[in-house]
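Observations on chain architecture
Residue strings, one per chain:
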Amino acid sequence: MQASKIARAWFALTALVVIAGLAAQIPVSAGTTGGTFHTPAGRVANLLAFFTIDSNILVGVGSLLLALGVTGRSTLFGVLRLTGLVGITVTGVVFQVALADLYELHGWAVFADTMLHKVSPLLCVAGWLLFGPRGQLSWRVLWWSLLYPLAWLAVTLVRGAIVGFYPYPFVDPGINSYGGVAFNCVLIGVLFIGLAAAAVGFDRTFSRRDEPDDYLAPDPAESVERIRDAGTY
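The text that follows walks through the structure, step by step, so that each part is easy to find.

Reading guide: rules and limits
Residues numbered from 1 in each chain as written. Predicted model: local features only at pLDDT ≥ 70, side-chain atom pairs only at ≥ 80, totals over all residues. Heavy atoms only, no water. Core = buried A, V, L, I, M, F, W, Y, C linked by side-chain atoms within 4.5 Å. Buried < 20%, exposed > 50% of the residue type's maximum accessible area, 1.4 Å probe, protein only. Helix = DSSP H or I, 4+ residues; strand = E, 2+ residues; numbered from the N terminus. Bend = angle between axes of the 7 residues up to and from the residue. Expected span 1.5 Å × (residues − 1). Arc of directions from axis to C-beta. Lys, Arg positive; Asp, Glu negative; His and termini not counted. Salt bridge = Lys/Arg side-chain N within 4 Å of Asp/Glu carboxyl O. Contact = heavy atoms within 4.5 Å. Phe/Tyr/Trp six-rings, centres within 6.5 Å; stacked < 30°, edge-to-face > 60°. Lys NZ or Arg CZ within 6 Å of the ring centre and 35° of its normal. 1 Å grid on protein atoms, 1.4 Å probe; cavity = no way out; pocket = protein on both sides within 12 Å on 5 of 7 lines; lining within 4 Å. Points joined across faces, edges and corners; volume = space filled by probe spheres on them. Nonpolar A, V, L, I, M, F, W, Y, C, P; charged D, E, K, R; others polar.

1. Structural notes on the nonpolar core
By size, the foremost hydrophobic cluster in this structure holds 28 residues, and its most contacted members are F51, L82, L137 and V171. Ranked by residues supplied to this core, first place goes to helix α4 (residues 75-99) with 7 residues. Membership of the second largest hydrophobic core comes to 7 residues, among which are A7, A67, F77 and L80.

2. Re helix α5 (residues 108-131)
Structural remark: α-helix, 3.6 residues per turn; residues separated by three or four positions point the same way. Helix geometry: α5 is bent most strongly at V119, by close to 35 degrees, with proline P121 lying one to four residues after it. Positive phi appears at G132, one or two residues downstream of α5, with a value of about 75 degrees.

3. A word on helix α7 (residues 147-163)
Counted at 1.5 Å a residue, the expected span for α7 with its 17 residues is 24 Å, and the 23 Å between its end C-alpha atoms agrees. The complete set of buried residues in α7 reads Y148, P149, W152, T156 and G160. Buried positions in α7, seen along its axis, are confined to an arc of 90 degrees and lie on one side of it. Among the exposed residues of α7, those oriented more than 90 degrees off its buried face are L150, V155, V158, A161 and I162. Remark: G164 follows α7 within two positions and exhibits a positive phi of approximately 80 degrees.

4. Let's talk about the side chain of D54
Checked against the element boundaries, D54 lands in helix α3 (residues 51-68). Buried within the structure, D54 lacks any salt-bridge partner; its nearest side chain of opposite charge belongs to R159, at an N-O separation of 9.5 Å. With near-sequence residues (within four places) excluded, D54 lies in contact with L48, Y148 and W152.

5. Quick word on the environment of V28
Along the chain, V28 turns up in helix α1 (residues 2-30). V28 sits in the partly exposed class, given a relative accessible area of 22%. Along the chain, V28 and V110 lie 82 residues apart, while their C-alpha atoms are 10.0 Å from each other. If near-sequence neighbours (up to four positions away) are discounted, V28 is found in contact with W108 and A109.

6. Notes on the packing of aromatic side chains
According to the stated counting rule, one finds 11 aromatic pairs in the structure shown. An angle of 20 degrees between the planes, with centres 4.9 Å apart, marks the rings of F51 and Y148 as stacked. With F51 in helix α3 and Y148 in helix α7, this pair connects stretches of sequence that are 97 residues apart. For the pair F51 and Y148, one class covers both residues: buried. Measuring from ring centre to ring centre gives 5.5 Å for W108 and F111, while their planes differ by 85 degrees; the resulting arrangement is edge-to-face. Taken as a pair, W108 and F111 lie in helix α5 at a separation of 3 residues, close to a single helical turn. Judged by relative accessible area, which is 32%, F111 ranks as partly exposed. Among the aromatic side chains, those forming a connected cluster through ring pairs are F37, F50, F51, Y148, W152, F165, Y168 and F170. Between the NZ or CZ atom of R134 and the centre of the ring of W128, over which it lies, the distance is 4.9 Å.

7. Some words on the layout of surface pockets
What the second largest pocket holds in volume is close to 360 Å³. As for the second largest pocket, its lining consists of 21 residues, and the residues nearest its centre are F51, P149, W152, I188 and G189. When residues of the lining of the second largest pocket are traced back to their parent elements, those giving at least two are α3, α4, α7 and α8 (173-206). Here the residues of the lining of the second largest pocket are counted per class, giving 17 nonpolar, 4 polar and no charged.

Everything listed here is a matter of geometry and, on its own, says nothing about what the molecule does.
In structure tokens, the structure reads:
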């Protein structure tokens, strides 16, 4: 029970960090002048074009559901958890390797950057390693999780060709050519698949399916089976 309370507190903290980071980033983006989008509403809406923002939203939603104990054991939540976990890990790695020195930030932008690029990835990965939940990942879940980066890339390239905006230099054909963009995306795709496979392997190795995490809401079908096994109706 004590472990359950600590786990929920950790997930709640992770969700709070994401919310704080997004809450700081929205007015920063709205108040930025110049660029492709000339209205505050347009600049705020454009936040959804960033892989960082989308991954943090997935992490925030998954962490909040875990903190509230309403997730259950389902393929859908497994996909949400794995997609957020790998997405935020890729976010942290790519940011530190390729993006950290591109911009000079000040004020609330520094706070938002720290929350979304550094604190959130660390809390999410550490929380998953420490508290799981275990027994929810599979190779089927892995393949479903690949829909997120593929969809993001497709929308980014099509939208970029239409409106002339690309959220990151490594996906901008005007900077790298389409061949360079393809090469960059293959590298990041390999990183994504490798991290996802490692997460599934870790989960399958260390999961204790006979000792479910007590901060997860029971799956209805699983509960029915337990009642039947006990001979109670």
